[in-house]
Amino acid sequence: MDFSKLYRPGALNSFQFIALTGLIMSGAAHLILELLDRPPLPGFRWLYVCWVALYIVGSLLNLFGKPGSDHHHHH
C-alpha cells in the first residue's frame with residue numbers, strides 16, 4: 001500500500017485535491033472573517049467536516065481502487 005497517495009500532490013486524486021482546496025479556502029475565509037471581527041455564518045464549521053469526509057472518501061478510493069480505473073483516455 002502506497003501511503004504517499006495521501007500526501008504527495010502528484011498522487012492525489014480529484015476528490016482529495018478538491019477537499020484540500022476546499023479546506024484551504026474555507027480556512028482562509030474563516031481567518032478573514034476573524035480579522036474583520038465578523039462572526040462566520042451559522043453552520044460554517046460544517047464545511048470542515050464535509051471537506052474532511054470528501055478527503056477520506058477520496059483517500060479510500062485512491063488507496064483501494066483499481067489502478068488506472070480513474071483514467072479513461074482513448075486514442
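Computed from a predicted model, the values in this text were never measured in an experiment.

1. Remarks on the overall build of the chain
Along its length, the chain carries 2 helices and 0 strands. Evaluated residue by residue, the chain yields a buried proportion of 21% over its 75 residues. Look at the contacts in the chain between residues 6 or more apart in sequence, and 65% of them connect residues 24 or more apart. By element, 71% of the accessible surface of the chain is carried by carbon and sulfur atoms, the whole surface being about 6,000 Å².

2. Some details on the packing of aromatic side chains
Tallied over the full model, the rule gives 1 aromatic pair. Ring geometry for Phe44 versus Tyr48: centroids 6.2 Å apart, planes at 80°, classification edge-to-face. Of the residues examined, Tyr48 reaches a relative accessible area of 23% and is grouped as partly exposed.

What counts and how
- Residues numbered from 1 in each chain as written.
- Predicted model: local features only at pLDDT ≥ 70, side-chain atom pairs only at ≥ 80, totals over all residues.
- Heavy atoms only, no water.
- Helix = DSSP H or I, 4+ residues; strand = E, 2+ residues; numbered from the N terminus.
- Buried < 20%, exposed > 50% of the residue type's maximum accessible area, 1.4 Å probe, protein only.
- Contact = heavy atoms within 4.5 Å.
- Areas by Shrake-Rupley, 256 points an atom, 1.4 Å probe, with all protein chains shown as cover.
- Phe/Tyr/Trp six-rings, centres within 6.5 Å; stacked < 30°, edge-to-face > 60°.

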